[in-house]
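Coordinate analysis (summary)
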Amino acid sequence: MASDETAAGTSVASVELIRQFQFERVLNHDTRSKSINILGTIDTTAAILTAEKTAFSAHDESAIAKLPTIANGTSSIRLLDSNDIYRWYMAVLVQDLETSPGAKLSLIWPATKTHIDKYGKQRRKVIRETPELYRTVLAPYIERMRGDRIQWVYNILSHKVEADRIVYENPDPDQGFILLPDLKWDRTTMDALYLVAIVHRHDIASVRDLNKSHIAWLKSVESEIIQAVTRTYTAISVAELRVYVHYLPSYYHFHIHVTNVEHDAGDGATVGKAIMLSDLVARLEEMSEEVYGFENTTLTYLLGENSELWREGYASVFG
Ligand code: M7G
């Protein structure tokens, strides 16, 4: 951000955008994560608003200190029922934007068709992607998708946006990366800690581009990430960090997800999408020189049937 004035102006404008959101339809909702994705418009252009109720935190001292206020500070409370020693209530908890906000909102505007597909309810398919399918179906798709959807990545790497949020940076253009809060994190709840490490190099679109030559680099990135996180968030230890990558990712510029193990990252942490970084490294170490990299292996993952990749690519193979 160029100056405080610009930053303040941008944040006022961004809050105003949310207020202009016109409801169109619900794309998806989830009772477990207590979140909803809504399609609407802002100024006649498609927008996606995601609202997620924030989690309680019992990790750090300051969060624990606030827990008694759940009982003492509820502004209204109504008994639903009672039975023997059991009583259950509905309550409005005292909320405060700084210390205990009730929800986290995300806005994508203007939203593309790919975003609308991604945030909509959809069935998933299992894709057993052989090296041949990768070369003929996915690689050309990545080539087409890559450029226009990752402007946000370039903005971060060039310090144009979110620069004041950076947790750690190794600025080396080949070896380095930027570690910062993921947009999914409310930046308050330690149990829900979610960071993303985005590498400076541009030559790795996904796991498929990793090979044996990257082993030492990946190991040092992982250890730099762990050191930076445990130094910054002292309540969290190495054994409480999940460090993983997605295959398939949504954005084809290599990045690593870093979450508190306590955080339920939903689909993003499931079999068929998340691969621990240390497991990737171990697989590369075990690979023969002939195989050499993930380009020459079969990888199995889940793919939503709304996606263009399914509709125009894999539906004819696996449908
Ligand atoms: P992914 O595996 O490509 O996609 O991860 P998915 O997990 O959304 O399927 C990309 C990660 O980057 C996700 O965890 C996103 O929440 C995060 N992310 C996406 N955008 C557009 C931003 C952004 O603008 N800023 C930050 N800090 N994180 C983002």
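What counts, and where the lines are drawn
- Residues numbered from 1 in each chain as written.
- Predicted model: local features only at pLDDT ≥ 70, side-chain atom pairs only at ≥ 80, totals over all residues.
- Heavy atoms only, no water.
- Helix = DSSP H or I, 4+ residues; strand = E, 2+ residues; numbered from the N terminus.
- Near = heavy atom within 4 Å.
- Polar contact = N/O pair within 3.5 Å; in protein donor to acceptor, adjacent residues only side chain to side chain.
- Areas by Shrake-Rupley, 256 points an atom, 1.4 Å probe, with all protein chains shown as cover.
- Nonpolar A, V, L, I, M, F, W, Y, C, P; charged D, E, K, R; others polar.
- pLDDT = per-residue confidence, 0-100.
- Contact = heavy atoms within 4.5 Å.
- Axes fitted to C-alpha atoms, helices over the stretch in contact; angles between N-to-C directions.
- Parallel < 35°, antiparallel > 145°, perpendicular 65-115°, else oblique.
- Left-handed = near helix turned anticlockwise from the far one by under 90°.
- Buried < 20%, exposed > 50% of the residue type's maximum accessible area, 1.4 Å probe, protein only.
- Pairing = 2+ DSSP bridges.
- Core = buried A, V, L, I, M, F, W, Y, C linked by side-chain atoms within 4.5 Å.
- Salt bridge = Lys/Arg side-chain N within 4 Å of Asp/Glu carboxyl O.
- Phe/Tyr/Trp six-rings, centres within 6.5 Å; stacked < 30°, edge-to-face > 60°.
- Lys NZ or Arg CZ within 6 Å of the ring centre and 35° of its normal.

**Thoughts on unusual backbone geometry**
- Of note, the bond from tryptophan 109 into proline 110 is cis; its omega dihedral lies within 30 degrees of zero at -5 degrees.
- As for its placement among the helices and strands, proline 110 is situated in the loop between strand S6 (103-108) and helix H4 (113-119).
- Omega for the peptide link from tyrosine 247 to leucine 248 comes to 0 degrees, which places this bond in the cis form.
- With a phi angle near 55 degrees, lysine 34 is a residue other than glycine that sits in the positive phi range.
- Along the chain, the position of lysine 34 falls in the loop between strand S1 (22-30) and strand S2 (35-42).

**Some remarks on the site of the ligand**
- Neighbouring residues of the ligand: 16 residues in total, closest Lys118, Glu162, Asp182, His246 and Ser250.
- Take histidine 246: an N or O atom from its side chain is 2.5 Å from an oxygen atom of the ligand.
- A distance of 2.9 Å is found between an oxygen atom of the ligand and a side-chain nitrogen or oxygen belonging to histidine 255.
- Taking 590 Å² as the accessible area of the ligand by itself, protein coverage stands at 90%.
- Mapped by element, the contributors of at least two residues to the shell around the ligand are helix H6 (151-157) and strand S12 (255-260).
- Considering only residue class, the shell around the ligand consists of seven nonpolar, four polar and five charged.

**As for the confidence of the model for the protein**
- In this model, the protein carries an average pLDDT of 91, and 94% of its residues clear a pLDDT of 70 or more.
- The low-confidence segment residues 1-5 (pLDDT under 50) makes five contacts with residues lying over four places distant or belonging to another chain.

**Quick notes on the packing of helix H7 (residues 215-232) against helix H8 (residues 277-286)**
- Following both chains from N to C, one finds H7 and H8 inclined at 160 degrees, their axes separated by 10 Å at the closest point. By the angle between their directions, the pair H7 and H8 is classed as roughly antiparallel. Note that H7 runs across H8; the crossing there is left-handed. Residues Ile215, Leu218, Lys219 and Glu222 of H7 lie in contact with H8, whose contacting residues are Leu277, Ser278, Val281, Leu284 and Glu285.

**Thoughts on the pairing of S2**
- Among the eight residues that make up S2, seven are buried, leaving the element largely enclosed by the rest of the structure.
- Taken together, the seven bridges between S1 and S2 define a ladder with antiparallel strand orientation. Residue pairing in the sheet places phenylalanine 23 in a bridge with glycine 40 of S2.
- Connecting S1 to the next strand, S2, in antiparallel fashion are four residues, including lysine 34 with a positive phi near 55 degrees.
- Looking at chain direction, S2 and strand S3 (residues 45-53) are connected through eight bridges and run antiparallel.

**Remarks on the nonpolar core**
- Counting residues in each nonpolar core, the largest one holds 55 residues, and the members touching the most others are Leu138, Leu179 and Tyr314.
- No other element matches H7, which puts eight residues into this core.
- Look past the residues within four positions of leucine 179 in its chain and what remains in contact with it is Ile166, Val167, Tyr168, Leu195, Val196, Ala197, Ile225, Ala228, Val229 and Val258.
- Ranked by size, the runner-up nonpolar core spans nine residues in total, among them Ile156, Leu157, Ile178 and Ile198.

**A short note on the pattern of salt bridges**
- A complete count under the given rule lists 11 salt bridges for this structure.
- Residue aspartate 267 is joined to arginine 124 by a salt bridge in which the shortest nitrogen-to-oxygen separation is 3.2 Å. Taken together, the residues span a long stretch of sequence, with aspartate 267 in the loop between S12 and strand S13 (274-276) and arginine 124 in strand S7 (residues 124-129) at a distance of 143 residues.
- A salt bridge links lysine 219 to glutamate 285, with the nearest nitrogen and oxygen atoms 2.6 Å apart. Pair noted here: lysine 219 is in helix H7 and glutamate 285 is in helix H8, with a separation of 66 residues, a long-range link.
- For glutamate 285, a relative accessible area of 41% gives the class partly exposed.
- One salt-bridge network, in which partners are shared between bridges, spans Asp30, Arg32 and Asp264.

**Quick word on the environment of alanine 51**
- Summarising the element assignment, alanine 51 is placed in strand S3.
- Considering only alpha carbons, one finds alanine 51 and asparagine 37, 14 residues apart in sequence, at a separation of 6.6 Å.
- When sequence neighbours within four positions are dropped, the list of residues in contact with alanine 51 reads Lys34, Ser35, Ile36, Lys104 and Leu105.

**Description of the packing of aromatic side chains**
- Inspection of every chain in the model, using the stated rule, returns seven aromatic pairs.
- The interplanar angle of 50 degrees and the centroid separation of 6.3 Å between the aromatic rings of tryptophan 217 and phenylalanine 254 together place this pair among those described as tilted. Pair noted here: tryptophan 217 is in helix H7 and phenylalanine 254 is in the loop between strand S11 (241-246) and S12, with a separation of 37 residues, a long-range link. Summarising the burial analysis for this pair, tryptophan 217 and phenylalanine 254 share the class buried.
- Lying across the ring of tryptophan 217, arginine 201 places its NZ or CZ 4.5 Å from the centre.

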